[in-house]
Amino acid sequence: VQLQASGGGLVQAGGSLRLSCAASGRTFSNYAMGWFRQAPGKEREFVAGIIGSGLSTYYADSVKGRFTTSRDNAKNTVYLQMNSLKPEDTAVYYCAAGRNLHTIVVGGALDAWGQGTQVTVSS
């Protein structure tokens, strides 16, 4: 599977953005999908994950209640809706595909990564 992330940009604190990650291939629904981010000078961190069916999700504590991930398997796309953005959410955001949600959450070996999209939140 190949992934293409988009939707990043510059937004003021308290604003919203929606990221999209389009996947190629016919087996998209077989993959759990995850969102990660990496801020300057920091390690990449897990943000959100969703299982293949879309019926179960998991979030990092830092974004719980503000971010929502969803997927449309008919469109081979996963989304990250980000609300109430804070300056500390500023990072490059990546989507990734894995065999299961556990692997994504614990940072195990993943099958594919998108190229990253910049999110900048101004105060």
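Chemist: So what about the pairing of strand β9 (residues 91-98)? Which residues, and what values?
Modeler: A regular strand carries its side chains on alternate faces of the sheet. Taken across its 8 residues, β9 has 7 buried, putting it largely inside the fold. Where strand β4 (residues 32-38) and β9 come together, 7 bridges link them in antiparallel fashion. Bridge assignment links Gly-34 to a residue of β9, and that residue is Ala-96. One ladder, built from 3 bridges, connects β9 with strand β11 (residues 117-122); its direction is antiparallel. The residue of β11 that forms the bridge with Ala-91 is Val-119. The pairing of β9 with strand β10 (residues 112-113) spans 2 bridges and is classified as antiparallel. Note that in β10 the partner of Ala-96 across the bridge is Trp-113.

Criteria and thresholds
- Numbers given to residues run from 1 along each chain, matching the order in which its sequence is written.
- Per-residue local features of the predicted model are confined to residues with pLDDT of at least 70, and side-chain atom pairs are confined, for both listing and counting, to 80 or more; whole-chain, interface and lining totals are unaffected and use all residues.
- The side-chain values count all of the structure's non-hydrogen atoms but skip hydrogen atoms and water molecules.
- Only protein chains enter the area calculation, which uses a 1.4 Å probe; residues under 20% of their type maximum are buried, those over 50% are exposed, and those in between are partly exposed.
- Going along the chain from the N terminus, every DSSP run of H or I of four or more residues is numbered as a helix, and every run of E of two or more is numbered as a strand.
- One requirement defines pairing of two strands: DSSP has to find at least two bridges between them.

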